[in-house]
Structures are given as structure tokens and as C-alpha cells.
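# Fold and geometry: a report
This is what each chain is made of:
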Amino acid sequence: MAKKEEFVDRSNELVDYFYPRRDRTHTQQFVSVNGENSLIQTGVPIKIKRKFAEVLDNSLAMEKFADEYIDTNAN
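Computed from a predicted structure; not experimentally measured.

## A short note on the overall build of the chain
For the chain, the helix and strand inventory stands at one helix and four strands. Reading the secondary structure of the chain in the N-to-C direction produces β-β-β-β-α. Here the C-alpha atoms of the chain give a radius of gyration of 17 Å, more than 25% beyond the 11 Å that 2.2 N^0.38 yields for 75 residues. Across its three principal directions, the C-alpha atoms of the chain cover 60 × 30 × 25 Å. In the chain, which comprises 75 residues, the proportion classed as buried is 21%. Taking all contacts inside the chain whose residues are at least 6 apart in sequence as the whole, residues at least 24 apart take part in 49%. Surface summary for the chain: the accessible area is close to 6400 Å², and the carbon and sulfur share equals 51%.

## Observations regarding the environment of Leu56
Among the structural elements, Leu56 can be located in helix α1 (residues 50-73). Placed 52 residues apart in sequence, Leu56 and Lys4 show a C-alpha to C-alpha distance of 33 Å. The contact partners of Leu56, leaving out residues within four places of it in the chain, are Tyr17, Tyr19, Gln29, Val31, Ile40 and Ile48.

## Some points on the environment of Gly35
With respect to the secondary-structure elements, Gly35 resides in the loop between β2 (28-33) and β3 (36-41). Distance in space between the C-alpha atoms of Gly35 and Ser11 is 14 Å, their sequence separation being 24 residues.

## Re the pairing of β2
In β2, alternate side chains face the same way, and those of Gln29, Val31 and Val33 are buried while those of Gln28, Phe30 and Ser32 on the opposite face are not. Sheet topology places β2 next to β3; six bridges connect them, and they run antiparallel. Across the sheet, the residue bridging to Val31 is Ser38, located in β3. The antiparallel hairpin formed by β2 and β3 contains two residues in its connecting segment, where Asn34 sits at a positive phi of about 50°.

## Focus: the pattern of salt bridges
Tallied over the entire structure, the rule returns six salt bridges. Ionic pairing is found between Lys49 and Glu36, a salt bridge with its closest N-O pair at 2.6 Å. Here Lys49, found in strand β4 (residues 45-49), pairs with Glu36, found in strand β3; they are 13 residues apart in sequence, far enough to count as distant. Under the relative-accessibility criterion, Glu36 is labelled partly exposed at 27%. Among the charged side chains, a network of salt bridges with common partners joins Arg10, Glu13 and Arg50.

## A short note on unusual backbone geometry
Residues other than glycine seldom take positive phi values, yet Asn34 does so here, at roughly 50°. Assignment of secondary structure puts Asn34 in the loop between β2 and β3.

## Brief notes about α1
Between its first and last C-alpha atoms α1 spans 35 Å; for 24 residues at 1.5 Å apiece the expected length is 34 Å, and the two agree. Residues of α1 that are buried: Lys51, Phe52, Ala53 and Leu56. At its buried positions, α1 is contacted by β1 (14-18), β2, β3 and β4.

The rules behind each value
Residues numbered from 1 in each chain as written. Predicted model: local features only at pLDDT ≥ 70, side-chain atom pairs only at ≥ 80, totals over all residues. Heavy atoms only, no water. Helix = DSSP H or I, 4+ residues; strand = E, 2+ residues; numbered from the N terminus. Rg over C-alpha atoms; globule rule 2.2 N^0.38 Å. Buried < 20%, exposed > 50% of the residue type's maximum accessible area, 1.4 Å probe, protein only. Contact = heavy atoms within 4.5 Å. Areas by Shrake-Rupley, 256 points an atom, 1.4 Å probe, with all protein chains shown as cover. Pairing = 2+ DSSP bridges. Salt bridge = Lys/Arg side-chain N within 4 Å of Asp/Glu carboxyl O. Expected span 1.5 Å × (residues − 1).

The structure is reproduced here in C-alpha cells:
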């Protein structure tokens, strides 16, 4: 009989993370996941919950995609 795998919620684990600054005034970034909010410091290595890191990574990826789209399709 196959073993039943248990779900382990790792979304609240702390992970090392670095969120880049856009300019010298961009010192903090607001992020929210399911009603839980956090204000993270930009431009320095920090420890944040995994769920916030995933949202920020997705945000950076979409921002890059949007920039590339604009560059490609700008008149």
C-alpha cells in the first residue's frame, strides 16, 4: 500500500531574500498575501516569509515582461 503524503505548509518559513531598489528613494516595498501585510526593506539582504518572497518574485517577473513588451511594441 502506498504511503499517504502529508501536506506541509512552508509559506511561513523565513527565507533569505533581496529585493532591488528602483532608485534611491525606493527604500521600502509593501506586499500583502491573503490579508497579511508586510513592508520590506529594499536594497539589502533580509529574511522574510516564503509567501511574501513568492509574491515579490512574481511581481518582478511581470514587471520585466511588461517592460520587454513595451520596448518591443513602442512606436
